[in-house]
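A structural walkthrough
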Amino acid sequence: GEGVKLLDRTALILDIFAQHASTREGALQVELAQYEYRLPRLTRAWTNLAQQAGGRAGGATGGVGVRGPGETQLETDRRVIERRITKLKAEMEAVRAHRQRYRARRQRSGVPTVAIVGYTNAGKSTLLNALSDADVLVADQLFATLDPTTRRVELPGGGVALLTDTVGFIQKLPTQLVAAFRATLEEVTESDMLLHVVDVTHPQVEGQIAAVRTTLEDIGAGDKPTVTALNKIDRLTSLEMLPTLLADLPNAVAVSALRASGLDRLLQQIEATFESEMVPLDIIIPYETGELVNLFHEAGTIALEEHTQDGTHI
């Protein structure tokens, strides 16, 4: 019947995103994606009106080539949407610039950053909460997280890292979403490391892993150092696939974010992966810039520290 709303896959995903957009940034990103998706599809909304009418069909005074009401309304709608898209893009550029300034401050601090990525509903937000005592929204639903959330986490060796929860991926992520969520996805591309969260209980777990890898390649983050968290092991009825996944995935650790199980091993693996990417330095820090010593302790691993006549030798 006419009361049934028909949606294609992209429109359905956009509708779900719209329901979960609880912040200003999230709402802007979803609205922009929706308008960019709808703009080339406007013609279908006016199939009940004549797009062009010739002779008497164009009206009492209409002639050949006179535009019918459908085409007139179509052009009006298109202009309105194009103006709104322009305004939304300007607002999103302001959001993007703000995020870039925030990331620049984090980079100057020398604290390494980890972007939590994974298929939607894999348990990324639950894991962030478990690792950092955060209060990020957790829900058993698709795309519950739209806005990135960053929290500070202490590593076993005494260092710290910043973990950022990001929007969940899905197979064949619509191009409108990739474009609209550019400011959010830059948290992934600008990070030092990826923490790939995998739902080991899902029947299509291998397909989900492949979809995440494809999306990471598409946004230019496919070559980043990665630690894999095989999540939800508390719900496994069979351990048959677990050894294979642990062997095949980079730096894989089995965890249960809900039960806070395996988190110590996961943090150790994150720290070890960071250390494998570090560059050895042998320097002397003058005593008048002693604050740099604290920075090296926070951002690096100190193998030797001694006080000399010229300054602190690290």
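Heads up: the structure comes first, above all this text.
Quick look at the structure, then.

Burial analysis of strand β5 (residues 226-231) places six of its six residues in the buried class, which makes it a mostly covered element. Because side chains alternate across β5, one face comprises the buried residues Thr226, Thr228 and Leu230, and the other comprises Val227, Ala229 and Asn231, equally buried. Where strand β4 (residues 193-199) lies against β5, six bridges are found, and the strand directions are parallel. Note that in β5 the partner of valine 197 across the bridge is alanine 229.

A few words now on the sheet that holds strand β8 (residues 306-307). Across the sheet, which stays open at both edges, the three strands sit in the order β7-β9-β8 with antiparallel pairing between neighbours. The strands lining the two open edges of the sheet, one partner per strand, are β7 (284-285) and β8. Strand direction decides the pairing type here: β7 and strand β9 (residues 312-313), joined by two bridges, are antiparallel. The residue bridging isoleucine 284 from the neighbouring strand is histidine 313, located in β9.

Take the sheet that holds strand β6 (residues 252-254) next. Pairing in this open sheet of six strands is mixed, and the strands run β2-β3-β1-β4-β5-β6 from one edge to the other. The open sheet has two free edges, formed respectively by β2 (149-154) and β6, since each of these has just one partner strand. Taking each pair of neighbouring strands and ignoring which way they run, the sheet shows an average axis angle of 25°.

What counts and what doesn't
- Residues numbered from 1 in each chain as written.
- Predicted model: local features only at pLDDT ≥ 70, side-chain atom pairs only at ≥ 80, totals over all residues.
- Heavy atoms only, no water.
- Buried < 20%, exposed > 50% of the residue type's maximum accessible area, 1.4 Å probe, protein only.
- Helix = DSSP H or I, 4+ residues; strand = E, 2+ residues; numbered from the N terminus.
- Pairing = 2+ DSSP bridges.
- Axes fitted to C-alpha atoms, helices over the stretch in contact; angles between N-to-C directions.

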